[in-house]
Amino acid sequence: GSISWDIEEPVLDNVRILKVRPSGGRPASWIYRKIYSQFEMDWFYDFRNGFDGLLKEGDLDLVISSSPPESAHLIALEIKNRLNVPWIADLRDLWSDDHYRSFDIFRRTLFRRKEIDTLKKADAIVTVSESWARGLRNRYGSRVSVVTNAYDPDYFSRIPIESGDRFAITYLGKLNSAHQDLSDFLGAVKKILDDGKIPAVKISVDFYTAGYGKPDISGLAASMGLSGIVKEHSPVPFGRALELMKNSSLLLVAGWKGQSSPGWRPQKVYEYMGSGIPIM
């Protein structure tokens, strides 16, 4: 049968969850978003205004913040300053060198200044690859460490294997038309079909894509005569994504050719590894 659950980690003992519901509508938040896009500032202001009722000295021994969004680090810095506790800033994506955001010189300068003003006060900084860590060490020194993305093998232990006679190629995750090129891959699929190496009825290529700036996969497929083979889908819940991975013949990665491409390590690749399915 199909999986209906989504992944939830076991609840740790003595965990207290504080929920901050952003009220929105603040002029300061609106201005901040115009300058620092994707900063999600409303919840920062509500947290700061309700800080004394949420936290008090002695509540915390350590604070860890993870981005994106980078406003998580502003909250962590607020906690560090008020409670005098150590702070670890975790960057799953880079901040001013974020590969997914296209900055002009003015915007990148603003982001870089905000990043440095914030992260220079962190006790430790973590990112996902040694290449990215080297760049960060140029600004923050030896406080920068690497903790890679990973996967939990238990995620795949409950996946039912479905019978099927197609060679199923699957892509899951973000795609960006400016920096991830699918033309060589689609060209290879077209050549395999034209050469008769695999009958068209025996191959399927499915893209479950998200992200801004993503390519028109359906249009690309149509232009190459692959409409019946290559199909584009909306993103799916995590449990369903695991099902799709485990029941594929081949999992596809589209390399990144833009900003910060050295050291780019998408989380999806680690989930692919957990499935045990070949990756191209």
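One can find the structure itself at the top, above this paragraph.
Note that the structure is predicted; figures quoted are calculated from it, not measured. (Residues numbered from 1 in each chain as written. Predicted model: local features only at pLDDT ≥ 70, side-chain atom pairs only at ≥ 80, totals over all residues. Heavy atoms only, no water.)

A. Local environment of helix 6 (residues 130–140). Within helix 6 the residues assigned to the buried category are Trp132, Ala133, Leu136 and Tyr140. One side of helix 6 holds all its buried residues, which, seen down the axis, span an arc of 95 degrees. Next to the buried residues of helix 6 lie strand 2 (87–91), helix 5 (105–119), strand 3 (124–127) and strand 4 (144–146). Directly beyond the C-terminal end of helix 6, a positive phi value near 75 degrees is found at Gly141. (Buried < 20%, exposed > 50% of the residue type's maximum accessible area, 1.4 Å probe, protein only. Helix = DSSP H or I, 4+ residues; strand = E, 2+ residues; numbered from the N terminus. Arc of directions from axis to C-beta. Contact = heavy atoms within 4.5 Å.)

B. Highlighting the packing of aromatic side chains. If you walk through the whole model with that rule in mind, you get three aromatic pairs. Here the aromatic residues Tyr171, Phe185 and Phe207 are joined through ring pairs into a cluster of three or more. (Phe/Tyr/Trp six-rings, centres within 6.5 Å; stacked < 30°, edge-to-face > 60°.)

C. Structural view of the packing of helix 4 (residues 71–83) against helix 5. Across the interface, helix 4 lies against helix 5 with an axial gap of 10 Å and an inter-helix angle of 30 degrees. Here helix 4 lies roughly parallel to helix 5, going by the angle between them. Judged by the twist between their axes, the crossing of helix 4 over helix 5 is left-handed. Contacts from His73, Leu74 and Leu77 in helix 4 reach Lys114, Thr118 and Leu119 in helix 5. For the contact of helix 4 with helix 5, the residue count by class is three nonpolar, two polar and one charged. (Axes fitted to C-alpha atoms, helices over the stretch in contact; angles between N-to-C directions. Parallel < 35°, antiparallel > 145°, perpendicular 65-115°, else oblique. Left-handed = near helix turned anticlockwise from the far one by under 90°. Nonpolar A, V, L, I, M, F, W, Y, C, P; charged D, E, K, R; others polar.)

D. Representation of the side chain of Asn149 within the structure. Looking at the element boundaries, Asn149 is found in the loop between strand 4 and strand 5 (167–174). In this structure the side chain of Asn149 is engaged in a polar contact, spanning 3.1 Å, whose partner is the side chain of Arg92. Look past the residues within four positions of Asn149 in its chain and what remains in contact with it is Arg92, Val128, Arg265, Pro266, Gln267 and Tyr270. (Polar contact = N/O pair within 3.5 Å; in protein donor to acceptor, adjacent residues only side chain to side chain.)

E. Layout of the sheet that holds strand 8 (residues 250–251). Pairing is parallel in the open sheet, where four strands are placed in the order 7-6-5-8. Among the strands making up the open sheet, the edge pair consists of strand 7 (230–233) and strand 8. Inspection of the sheet shows strand 5 paired to strand 8 by two bridges, in the parallel sense. Across the sheet, residue Ile169 finds its bridge partner in strand 8, namely Leu250. Contacting strand 5, strand 6 (203–210) and strand 7, helix 7 (residues 183–194) crosses the sheet at an angle of about 165 degrees to strand 6. With respect to the sheet, helix 10 (residues 267–275) is in contact with strand 5 and strand 8, its orientation differing from that of strand 5 by roughly 145 degrees. (Pairing = 2+ DSSP bridges.)

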